[in-house]
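Inside the fold
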Amino acid sequence: MSYTEVPELPEVETIARGLANAVAGKTIGSVTVTMRKIAVAPEGEVFEQALAGETIAGVGRRGKYVLFQLASGRRLAVHLRMTGRLIVQPVGYSEPYPYTHVRLAFSDGSSLCFADVRQFGRMRLLAADDPWDADGGVEPLSEGFTSEAFLSMLDGRRTPIKTFLLDQTRIAGVGNIYACEALWEAGIRPSRPSHKISRPARRRLHGAIRNVLNRSIEARGTSVDDYVDAEGLKGGFQNQLAVYGRLGEPCSRCGKPIVRTVIGQRGTWWCRGCQK
DNA sequence: CTGAGATCCTGGGGGC
DNA sequence: TGCCCCCAGGATCTCA
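Residues numbered from 1 in each chain as written. Chains lettered and ligands numbered in written order. Predicted model: local features only at pLDDT ≥ 70, side-chain atom pairs only at ≥ 80, totals over all residues. Heavy atoms only, no water.

1. Comments concerning the state of the cysteines
- The final tally for this structure, using the stated rule, is zero disulfides.
- For Cys254, which is in no disulfide, the shortest distance to another cysteine sulfur is to Cys271 and amounts to 3.4 Å. (Disulfide = S-S within 2.5 Å.)

The structure is reproduced here in structure tokens:
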């Protein structure tokens, strides 16, 4: 069984860095939208018209969103959800990438396709004065995500720690893979009520979240099957996964078989032997 | 606050 | 080999 990679913070970071190299400075000539629900424009505007003529000043990331900073001061926020892809096509590609729903044609003849088999992803154009800030969670690799801040975030929260880690209004960018991996690294049972976790264990988890995300970014994210990023490169973190998708395999720390349970309606991989 | 369940989608895995 | 069924999964919404 294979598990489709879903872009989380490290994957989105990798994609954004690739796009920054590939499309920053380009000017959008025309925009084609073939699936209306994917492309969201500010109130009273038409997506294609609003975007045409814009120049891409830079590309970054906020949580799991790819953020295109436009020269006018507007932003284009893209969420890839499950199967969304941002594919750069060099000059000469007449056919859009398969499952393309939105295509930005640049004035130099190259283009950017937003493709998405399952149609869950969205491209949202934000007005210059829109205070949009993703879902508001703290960036786990920022200076603001201190150990002390994380420790107190868990106070009084009865929700399972795994569910807490996936809450984008608390911490931005952590998804199923890295929640599982960080909990394994910290030796914490995913179903543990957040407020019952000891201070030392909270500190371990804080470090584990950052460590796992940083290591994955270094490896250019987690790839499964033939996935490649905007530069045509595969990620490598799938080779470092300790528990995610490894049902039945021996835990590299204690040897007990990895199990899969469901927590908060999400598949959760962990080790009964060393996650308490 | 918290959780359960439904919804949106489709490819592909599993069962027969 | 072929076909049908059903599930995964992030975010969001309703309901309890």
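2. A closer look at the sheet that holds strand β9 (residues 122–126)
- The five strands lie next to each other as β2-β9-β5-β4-β3, forming an open sheet whose pairing is mixed. Across the chains shown, the open sheet's two edge strands, defined by having one partner strand only, are β2 (39–40) and β3 (56–62).
- Where strand β4 (residues 65–70) and strand β5 (residues 75–79) come together, five bridges link them in antiparallel fashion. Bridge pairing in β5 places Phe68 opposite Leu76.
- Here helix α1 (residues 9–23) sits on the sheet and contacts β3 and β4; the angle it forms with β3, its principal contact strand, is near 175°. (Pairing = 2+ DSSP bridges. Helix = DSSP H or I, 4+ residues; strand = E, 2+ residues; numbered from the N terminus. Contact = heavy atoms within 4.5 Å. Axes fitted to C-alpha atoms, helices over the stretch in contact; angles between N-to-C directions.)

3. Considerations on the protein's contact with DNA strand C
- Close to DNA strand C lie 15 residues; His79, Arg81, Met82, Arg118 and Arg266 are nearest.
- One of the side-chain nitrogen or oxygen atoms of Arg81 is found 2.7 Å away from a base nitrogen of DNA strand C.
- Gly267 is positioned with one of its backbone polar atoms (N or O) 3.4 Å from a phosphate oxygen of DNA strand C.
- The dominant element in the surface near DNA strand C, judged by the number of residues it contributes, is strand β11 (residues 266–271), at three residues.
- Here the surface near DNA strand C is composed, by residue class, of five nonpolar, four polar and six charged. (Near = heavy atom within 4 Å. Polar contact = N/O pair within 3.5 Å; in protein donor to acceptor, adjacent residues only side chain to side chain. Nonpolar A, V, L, I, M, F, W, Y, C, P; charged D, E, K, R; others polar.)

4. Points about the pattern of salt bridges
- All told, the structure shown has 14 salt bridges when counted by the stated rule.
- In this structure, Arg74 and Glu54 form a salt bridge, with 3.8 Å as the shortest nitrogen-oxygen distance. With Arg74 in the loop between β4 and β5 and Glu54 in the loop between α2 (47–51) and β3, the pair connects residues that are 20 residues apart, well separated along the chain. Here Arg74 matches Glu54 in class, with each residue buried.
- The partner of Arg170 in a salt bridge is Asp167, and the shortest N-O contact between them spans 3.9 Å.
- Residue Asp167 is classed as partly exposed on the basis of its relative accessible area of 25%.
- In the salt-bridge network here, residues are joined through shared partners; they are Glu13, Arg17, Arg61, Arg62, Asp133 and Glu139. (Salt bridge = Lys/Arg side-chain N within 4 Å of Asp/Glu carboxyl O. Buried < 20%, exposed > 50% of the residue type's maximum accessible area, 1.4 Å probe, protein only.)

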